[in-house]
Amino acid sequence: MTLTADELALIDRTAALAREVVAPQAARWERERRIGHEGLAAAAALGLTRLQVPRDQGGLDLSFSCKAQIAEVLGGADFGFTMSLINTQNIAAKLARDARPEVAVRYLPDLIAGRRLGCTALTEPGAGSDFAGITTTATRCPGGWRLNGAKAWITNAAQADVVVLYAQTEPGSKGRGIAGFLVDGRREGFIREPAFALGGQHSIGTGGFRLQDYRVSDEEVLHPPGQAFKTALGSINGARTYIAAMSCGMVAEALRVAADFGERRSSFGRPLAEHQGWRWRLAEAASELAACRLMVAHAAAQIDAGVDAQLAAAQAKLLATRMAERQLPALAQAMGAEGLREEHPFSRHLIGARVASFVDGSSEMLLERIAAVMRTA
Ligand SMILES: Cc1cc2nc3c(=O)[nH]c(=O)nc-3n(C[C@H](O)[C@H](O)[C@H](O)COP(=O)(O)OP(=O)(O)OC[C@H]3O[C@@H](n4cnc5c(N)ncnc54)[C@H](O)[C@@H]3O)c2cc1C
């Protein structure tokens, strides 16, 4: 899909943000185990928190293909930062589209300005891949619902307080009874857990929270039972595509750093890049990256065209994350010991690729989806 001049200009400005703001600070955010607020503020100022918000609600209303390219550029600087930013953007876009206008207007200005963070909460301590198996309950009460349960492994949960949350209204009914609610983390009954301590990627702000008799009004129901399950799975094609794009971004940046290193570092009297065995490693990575980029562009174009993208998105994510899991260690190896320094992206990106293989559908769930589409084709 051809991008507009405005979209191309925004991608250029995003590349400058990635280079000048995100990449130089990412190692510190990891050391301090925190979300990159300084970067999020700069991204909000560029408009990256409102990419898919309609223009009449203060957004940019850009194409999905543009969003995917922005995800690639930022993912190359820091996967976690990009996850955090995109999840807030997604909540702003969802509220603009699905919430009642009088409800949306209470949250949109803060989300767009980066003053509040957003998150989407499906996963629970006892249910990940099996979304229909969630046990957080929504029970009818006068004028609304009461929510009880727990959510875990949620991007931005360390701080986000504008939450799109899925809960079961009819235990035992699987997907049919699931509904989607807008939850405000500043209200009574929302209890945040400490951020999760992980092996890396703390800029994602991964964590969880509990709901204890949290009250949602009828106006704050985003998707009623019967619709929510389908809506949640409907937006997953986009998420799979931008995660694939971020995986490409991590490999592209690792490739750039390794290629530069190979011209400067010598062994046995020659630059590394003049050793055939060394440069083949980079050629392999560049070739697989080129193929995955085409798959991302194809899935993004289908989303923009309003075509069913489940096969293209699942295949793009499956292959791009596998490519990143294979090529990032290979490119780190090409750097020798130097690749371990925290100012280089290799160690952060290796964990980023691990995370990419789980979020928005693990590789096994993607294979299931691909197989299901093949059987109905
Ligand atoms: C950093 C991070 C951020 C996240 N952010 C969010 C978020 O913002 N919102 C949210 O809702 N969730 C989020 N998640 C959760 C993510 O979506 C889940 O990790 C994912 O759905 C997989 O669930 P699980 O980890 O519980 O694995 P499980 O479902 O417990 O599965 C464990 C393993 O078994 C495999 N498996 C499971 N069932 C089958 C089967 N039938 N056949 C074959 N293999 C199977 C899985 O593929 C996986 O490899 C995040 C996770 C991480 C790590």
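Residues numbered from 1 in each chain as written. Predicted model: local features only at pLDDT ≥ 70, side-chain atom pairs only at ≥ 80, totals over all residues. Heavy atoms only, no water.

### Overview of the pattern of salt bridges
Scanning all chains against the criterion turns up 25 salt bridges. A salt bridge links Arg-116 to Asp-161, with the shortest nitrogen-to-oxygen separation between them at 2.9 Å. Residue Arg-116 is found in the loop between helix H5 (101-113) and strand E1 (118-121), and its partner Asp-161 is found in the loop between strand E3 (144-154) and strand E4 (162-168); the two are separated by 45 residues along the sequence. Of the two residues examined, Arg-116 and Asp-161, each falls in the buried class. (Salt bridge = Lys/Arg side-chain N within 4 Å of Asp/Glu carboxyl O. Helix = DSSP H or I, 4+ residues; strand = E, 2+ residues; numbered from the N terminus. Buried < 20%, exposed > 50% of the residue type's maximum accessible area, 1.4 Å probe, protein only.)

### Points about the nonpolar core
In this structure, Phe-79, Tyr-242, Ile-243, Met-246 and Leu-331 are the most contacted members of the largest nonpolar core, which totals 44 residues. Elements with a minimum of two residues in this core: helix H3 (64-77), helix H4 (79-98), helix H7 (236-264), helix H8 (276-305), helix H9 (310-334) and helix H10 (346-356). Of all the elements, H7 adds the most residues to this core, at 15 residues. Shared between two domains, this core takes at least three residues from each, and those domains are domain 1 (5-116) and domain 3 (235-376). Not counting the four nearest positions on each side in its chain, Phe-79 is found in contact with Gln-201, Ile-204, Ile-243, Met-246, Met-250, Gly-352, Val-355 and Ala-356. (Core = buried A, V, L, I, M, F, W, Y, C linked by side-chain atoms within 4.5 Å. Domains from an automatic or database assignment. Contact = heavy atoms within 4.5 Å.)

### Considering the packing of H7 against H8
With their axes 9 Å apart at the nearest point, H7 and H8 run at an angle of 155° to one another. Taken together, the axes of H7 and H8 are roughly antiparallel relative to one another. Between H7 and H8 lies a crossing of left-handed hand. Note on element contacts: H8 touches H7 through Trp-278, Leu-282, Ala-285, Ala-286, Leu-289, Cys-292, Arg-293, Val-296, Ala-299, Ala-300 and Ile-303, opposite Asn-237, Gly-238, Thr-241, Ala-244, Ala-245, Cys-248, Val-251, Ala-252, Leu-255, Ala-258, Ala-259 and Gly-262. (Axes fitted to C-alpha atoms, helices over the stretch in contact; angles between N-to-C directions. Parallel < 35°, antiparallel > 145°, perpendicular 65-115°, else oblique. Left-handed = near helix turned anticlockwise from the far one by under 90°.)

### Notes on the side chain of Gln-168
On the secondary structure map, Gln-168 appears in strand E4. Looking at Gln-168, its side chain comes within polar contact range of the side chain of Ser-173, at 3.1 Å. (Polar contact = N/O pair within 3.5 Å; in protein donor to acceptor, adjacent residues only side chain to side chain.)

### Points about the pairing of strand E7 (residues 207-217)
Of the pairings in the sheet, the one linking E3 to E7 comprises 8 bridges and is antiparallel in character. Bridged to Gly-144 within E7 is Ser-217. Across 3 bridges, strand E6 (residues 190-192) lies against E7 in antiparallel orientation. Among the inter-strand pairings, Arg-192 is bridged to a residue of E7, identified as Phe-209. (Pairing = 2+ DSSP bridges.)

### Some words on the domain arrangement of the protein
Segmentation of the protein into domains returns domain 1 (5-116), domain 2 (120-225) and domain 3 (235-376). Summing both partners gives a buried area of about 370 Å² for domain 2 against domain 3, and 68% of it is carried by carbon and sulfur. Here domain 2 is connected to domain 3 by 0 salt bridges. Inspection of the domain 2/domain 3 interface yields 1 residue pair in polar contact (both at pLDDT 80 or more). Per-class residue counts for the side of domain 2 that touches domain 3 are 1 nonpolar, 4 polar and no charged. (Buried area = accessible area lost by both parts, 1.4 Å probe. Nonpolar A, V, L, I, M, F, W, Y, C, P; charged D, E, K, R; others polar.)

### Observations regarding the site of the ligand
Within the structure, the ligand sits among 18 residues, and Thr-123, Ser-129, Trp-153, Ser-362 and Glu-364 are positioned closest to it. Leu-122 places a polar main-chain atom, nitrogen or oxygen, 2.9 Å from an oxygen atom of the ligand. Residue Trp-153 places a main-chain N or O atom 2.8 Å away from a nitrogen atom belonging to the ligand. The protein chains hide 64% of the 970 Å² of surface that the ligand would expose on its own. (Near = heavy atom within 4 Å. Areas by Shrake-Rupley, 256 points an atom, 1.4 Å probe, with all protein chains shown as cover.)

### Section: the packing of aromatic side chains
If you walk through the whole model with that rule in mind, you get 6 aromatic pairs. Between Trp-145 and Phe-181 the ring centres are 5.9 Å apart and the planes differ by 65°, which places this aromatic pair in the edge-to-face class. Of this pair, Trp-145 sits in strand E3 while Phe-181 sits in strand E5 (residues 178-184), placing them 36 residues apart in sequence. Summarising the burial analysis for this pair, Trp-145 and Phe-181 share the class buried. Counting every residue linked through ring pairs, the aromatic cluster contains Phe-131, Tyr-166 and Phe-229. (Phe/Tyr/Trp six-rings, centres within 6.5 Å; stacked < 30°, edge-to-face > 60°.)

### Details of H4
If you check H4, its first and last C-alpha atoms are 28 Å apart, about what 20 residues at 1.5 Å a residue would give, namely 28 Å. Within H4, 18 of the 20 residues are buried, which leaves the element mostly enclosed by the surrounding structure. (Expected span 1.5 Å × (residues − 1).)

### Concerning the pairing of strand E2 (residues 137-141)
Bridge analysis of E2 against E3 gives 5 bridges, and the strand direction is antiparallel. By the bridge assignment for E3, Cys-141 is matched with Gly-144. Here E2 folds back onto E3 in antiparallel fashion, the turn holding 2 residues, of which Gly-143 has a positive phi close to 80°.

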